[in-house]
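# A closer look at the structure
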Amino acid sequence: MARKKSVVITGVSTGIGWGAVKVLTDQGFHVFGSVRKTADADRLKVAFGEAFTPLLFDVTDAAAVQAGAREVEAALAGAPLAGLVNNAGVAVAGPILYLPIDEWREQLEVNLTGVVIATQAFAPLLGAGGARIGDPGRIVNISSVGGRNANPFMGPYCTTKFGLEGLSEAMRRELLPFGVDVIVVAPGAVATPIWDKADQTDTSRYANTVYAPALDRLRAFMLALGKSGLPPEAVGQAIATALTAPKPKVRYVVTGSPLQVLMTEILPKRVLDKAIGKRLGLVEG
């Protein structure tokens, strides 16, 4: 293992995390990947063999994450860690006016606080602190195209991704003294199980609100996106580029609809408000 470059990736049981493990192990990396269930650890160990070491922790559990970092440090035996990929996340949906506060807290805790917990635990192994020998590693934070353009009813999720963009920028500048770079990868629609949860979302609690018809439209739209999304390996390849490029960009966008993403960045916000509102039936048109 010490002869290979090693990377830690959080949240690898399915989706983007799984795709990143596949791409990076194919490219000769050793991957330490976090999962929350022993069954997932066993399944991935069989799939990826000696190139993969599972770590059992939830990113919101600081003590468990620190224990995982000690496990990685012992396995590295003094070798540097090449990268940390903060991928673990959840998507909570619902109208801002009515979504229970506990669900808001869960969204923020996993997608933002969890990134800070993992970064604090693994950053010393990347060279932050200056005590380790070898080239400094890199941190890759998995944001979203929703980190710059927020959709209705995805407020909690988009809030965390907007926040992650700012966190990444601050982190990149704070880590300049150590040479540890911080890069954002922002996927669009990816064919992952996270989209399947749209069909499981209970919108009946909002049936008596003005948002009920729009929520049904959004759910159908999200399910369609999930079916037509990019394979997770496409994001995995962008992560590999972020970790290995001699002069990486600060942000990589991975989407099957680049023109649509470009339009959301250049059109006036009021124009986008009306277009999205009409599409979901939030305004007449």
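This section reports on the structure supplied with the text. Since this is a predicted model, take the numbers as computed values, not measurements. (Residues numbered from 1 in each chain as written. Predicted model: local features only at pLDDT ≥ 70, side-chain atom pairs only at ≥ 80, totals over all residues. Heavy atoms only, no water.)

Residues Ser6 and Val8 of strand S1 (residues 6-9) are buried on one face, and the alternating residues Val7 and Ile9, pointing to the opposite face, are buried as well. When S1 meets strand S2 (residues 30-35), the two strands line up parallel, connected through four bridges. Considered in S2, the bridge of Ile9 is made with Gly33. For the crossover from S1 across helix H1 (residues 15-26) to S2, the handedness is right-handed. (Buried < 20%, exposed > 50% of the residue type's maximum accessible area, 1.4 Å probe, protein only. Helix = DSSP H or I, 4+ residues; strand = E, 2+ residues; numbered from the N terminus. Pairing = 2+ DSSP bridges. Right-handed = clockwise from strand over helix to strand, strands pointing away.)

On to the pairing of strand S4 (residues 83-86), then. What you see with S4 is no split at all: Gly83 and Val85 on one side and Leu84 and Asn86 on the other are buried throughout. Sheet topology note: the S4/strand S5 (residues 138-142) ladder contains four bridges and is parallel. Paired with Gly83 across the strands is Arg138, a residue of S5.

Moving on, we come to a nonpolar patch on the surface. On the surface, Leu259, Leu262, Met263, Ile266, Leu267 and Val271 cluster together into a nonpolar patch covering about 520 Å² of accessible area. With four residues, the single largest contributor to the nonpolar patch is helix H9 (residues 258-266). Its place among the elements puts Ile266 in helix H9. Judged by its relative accessible area of 55%, Ile266 is exposed. (Patch = residues over 30% accessible without salt bridge, like charges linked within 9 Å, V, L, I, M, F, W, Y side chains within 5 Å. Areas by Shrake-Rupley, 256 points an atom, 1.4 Å probe, with all protein chains shown as cover. Salt bridge = Lys/Arg side-chain N within 4 Å of Asp/Glu carboxyl O.)

Another aspect to go through is the side chain of Asn111. In this fold, Asn111 is placed in helix H4 (residues 101-126). The class of Asn111 is buried, set by a relative accessible area of 3%. Among the polar contacts listed, one links the side chain of Asn111 to the side chain of Thr160, at a separation of 3.2 Å. Beyond its immediate chain neighbours, meaning those up to four positions away, Asn111 contacts Gly89, Val90, Tyr157, Thr160 and Lys161. (Polar contact = N/O pair within 3.5 Å; in protein donor to acceptor, adjacent residues only side chain to side chain. Contact = heavy atoms within 4.5 Å.)

A word on the sheet that holds S5. Strand order in the open sheet formed by seven strands is S3-S2-S1-S4-S5-S6-S7, and the pairing between neighbours is parallel. Both edges of this open sheet fall to strand S3 (52-56) and strand S7 (251-254), since each of them pairs with a single strand only. For this sheet, the mean inter-axis angle between neighbouring strands, taken without regard to orientation, is 20°. When S2 meets S3, the two strands line up parallel, connected through five bridges. (Axes fitted to C-alpha atoms, helices over the stretch in contact; angles between N-to-C directions.)

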